[in-house]
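# Coordinates in review
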Amino acid sequence: MTTLQKILGTELPLIQAPMAGIQVSAMAIAVSNAGGLGSLPCAMLSPEVMRSELAAIRAGTDKPYNVNFFCHTPPVPSTEREATWRAALAPYYAEYGIDATSIPTGPGRNPFSADVADLLAEFKPPVVSFHFGLPPAELLARVHGWGAKVLASATTVEEALWLEAHGADAVIAQGLEAGGHRGHFLSHDLTKQLGTFALLPQLVRALKVPVIAAGGIADANGVAAAMALGAAGVQIGTAYMLTPEATTSAIHRAALKSEAARHTALTNLFTGRPARGIVNRVMRELGPIGAAAPEFPLATSGIAPLRAKAEAQGSGDFSPLWSGQNATGCREVPAAEVTRALAQGFLQASR
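Residues numbered from 1 in each chain as written. Predicted model: local features only at pLDDT ≥ 70, side-chain atom pairs only at ≥ 80, totals over all residues. Heavy atoms only, no water.

## Concerning empty space enclosed by the protein
Where we set the bar: Think of a 1 Å grid over the protein atoms and nothing else: a 1.4 Å probe that fits but is trapped marks a cavity, an open set flanked by protein within 12 Å on at least five of seven lines marks a pocket, and residues with an atom within 4 Å of a point count as lining. Grid points are joined across faces, edges and corners, and a volume is the space filled by probe spheres set on the points. Helical segments are the DSSP runs of H or I of at least four residues, strand segments are the runs of E of at least two, and each set is numbered from the N terminus. Ten residues, namely Ala, Val, Leu, Ile, Met, Phe, Trp, Tyr, Cys and Pro, are considered nonpolar, four, namely Asp, Glu, Lys and Arg, are considered charged, and the remaining ones, Gly among them, are considered polar.
A full pass over the atoms with the stated rule returns one cavity of 30 Å³ or more. Space inside the largest cavity adds up to approximately 610 Å³. Only strand E3 (65-70), strand E4 (127-131), strand E6 (170-174), strand E7 (180-181) and strand E9 (233-236) provide two or more residues apiece to the lining of the largest cavity. For the lining of the largest cavity, a count of residues per class yields 20 nonpolar, 18 polar and two charged.

## Brief notes about the sheet that holds strand E10 (residues 264-267)
Put simply, the rule reads: A pair of strands is considered paired only if DSSP assigns at least 2 bridges between the two.
Read across the open sheet, the three strands follow the order E7-E11-E10; overall the sheet is antiparallel. The two strands at the open ends of the sheet, each matched to only one other strand, are E7 and E10. Two strands pair when backbone bridges link them, and E10 and strand E11 (residues 275-278) are joined in this way by four bridges, in the antiparallel orientation. Each residue of the ladder has a partner; that of Leu266, found in E11, is Arg276.

## Some points on the pairing of E6
The condition is simple: Think of it in three bands: with a 1.4 Å probe and only protein chains considered, a residue is buried below 20% of the maximum accessible area for its type, exposed above 50%, and partly exposed in between. Think of it like this: strands point away, you trace from the first strand over the helix to the second, and a clockwise trace means the crossover is right-handed.
Counted residue by residue, E6 has five buried out of five residues, so it is predominantly covered. What you see with E6 is no split at all: Ala170, Ile172 and Gln174 on one side and Val171 and Ala173 on the other are buried throughout. By the bridge criterion, four bridges tie strand E5 (residues 149-154) to E6 in an arrangement that is parallel. Among the inter-strand pairings, Leu151 is bridged to a residue of E6, identified as Ala170. Taking the sense of rotation as the criterion, the β-α-β connection linking E5, helix H7 (residues 157-165) and E6 turns out right-handed. Note: E6 against strand E8 (residues 211-214), four bridges, orientation parallel. Looking across to E8, one finds that Ala173 is bridged to Ala213.

## Things to note about the layout of surface pockets
The line we're drawing: Per the annotation, domain bounds derive from an automatic or database assignment of domains.
Empty space within the largest pocket amounts to approximately 460 Å³. Residue lining of the largest pocket: 24 residues in total, with His72, His188, Arg273, Glu295 and Phe296 positioned closest to the centre. Looking at the lining of the largest pocket residue by residue, the class counts come to 15 nonpolar, six polar and three charged. When residues of the lining of the largest pocket are assigned to domains, at least three fall in each of domain 1 (1-72 + 109-245 + 334-350) and domain 2 (77-108 + 249-326). Empty space within the second largest pocket amounts to approximately 370 Å³. Surrounding the second largest pocket, 23 residues form its lining, Met44, Arg109, Arg307, Pro320 and Trp322 being those nearest its centre. Take the lining of the second largest pocket: its biggest share by element is six residues, from helix H12 (residues 299-312).

## Quick look at the nonpolar core
For the record, the criterion: In plain words, nonpolar cores are sets of buried Ala, Val, Leu, Ile, Met, Phe, Trp, Tyr and Cys residues tied together by side-chain atoms within 4.5 Å. Throughout, a residue-residue contact means that at least one pair of heavy atoms, one from each residue, lies within 4.5 Å.
With 75 residues, the main nonpolar core has Phe69, Phe130, Leu203 and Tyr240 as its most contacted residues. Counting residues domain by domain, this core receives three or more from each of domain 1 (1-72 + 109-245 + 334-350) and domain 2 (77-108 + 249-326). Setting aside residues no more than four positions away along its own chain, Leu203 makes contact with Ala154, Thr156, Val157, Ala160, Val171, Ala173 and Val211.

## Structural notes on the sheet that holds E4
Operational definition: Whenever a helix is involved, its axis is fitted only over the stretch in contact; in every case the axis is a line through C-alpha atoms, and angles between N-to-C directions fall within 0 to 180 degrees.
Read across the open sheet, the eight strands follow the order E1-E9-E8-E6-E5-E4-E3-E2; overall the sheet is parallel. At either end of the open sheet lies a strand with only one pairing partner, and these are strand E1 (14-16) and strand E2 (38-41). Ignoring strand direction, the axes of neighbouring strands in this sheet form an average angle of 25°. Strand direction decides the pairing type here: E3 and E4, joined by five bridges, are parallel. Across the sheet, residue Phe70 finds its bridge partner in E4, namely His131.

## Topic: the domain arrangement of the chain
The condition that has to hold: Buried area is a sum: the accessible area each of two parts loses on coming together, probed at 1.4 Å, counted once for each and added. For salt bridges, the criterion is a side-chain nitrogen of Lys or Arg within 4 Å of an Asp or Glu carboxyl oxygen.
Domain boundaries assigned for the chain yield domain 1 (1-72 + 109-245 + 334-350) and domain 2 (77-108 + 249-326). Spacing between the C-alpha centres of domain 1 and domain 2 amounts to 26 Å. Summed over both sides, the interface of domain 1 with domain 2 buries roughly 2000 Å², with 60% coming from carbon and sulfur. When residues of domain 1 are sorted by the area they lose upon contact with domain 2, Arg109, His181 and Leu242 head the list and together hold 30% of the total. The tally of links from domain 1 across to domain 2 stands at zero salt bridges.

This is the structure:
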């Protein structure tokens, strides 16, 4: 049994990555019941939906599970930058007949807060994970206060040391290969970020807390390789995206199964913060990283109507097709089966 298994209370040192917009409670339940740590992404859930999904998890499993939140600092909206962003998107608005003046602005995602902590205290989830750092000390103390273990993502050694010093019970080494949002929070310089198998051993050497490998791990061999480099466990997301428990859209599923999935890039066009997804039309034409995009999460509102119009026509040209660099593990089988197949990697590593 690894140190991570003792911390999480799970049969396997395997975490299903929380994937906002791709899954809700059904996947978390399936993975937890299969011996891993199922996760519920909460950053985009209203309090009512969050309470409903937490109740579903409590009814569906007696195993440990994880709830995940963002810890970003909400930006101050800039009228000038929003206007620049709308101007960059203007040709597309014209193409789809969208009146730019009718598009509302809004945050779209809120950081972890006292109100959320109040709601969580009713359920006392055993594991709480954070992206973009950690919440303020008083909020983190509340999470630890009901006995939860805290996980958080690091993309550099400096971030990992910061997380350890500020109360993380284990650190997720998020390699550059990982799909979805980068967990960086101390620096926006993407050149500082490393691939999983370069970052992992450095964090293992630098930290006292367990290190969880994430990014590019798609099968049992990848799991075994991560464990050989000192990981206490792994976190895997992309491999679960075609499971029946996933809420991945038909357009997104088709992209994951196509040759397009071989080409991913970090882009800030969909939310304002770098995240890895399959390259599509808007990423090609505007460039994946756009200086005009407002700060996270303010970029979302400008591109949302384009996404809706294109998807209604069966196109993912303006959709965030999140994916890691290695989608070869995506299979249309139940999440429990994916979990059991990945778990073979732990057996390989122990031989």
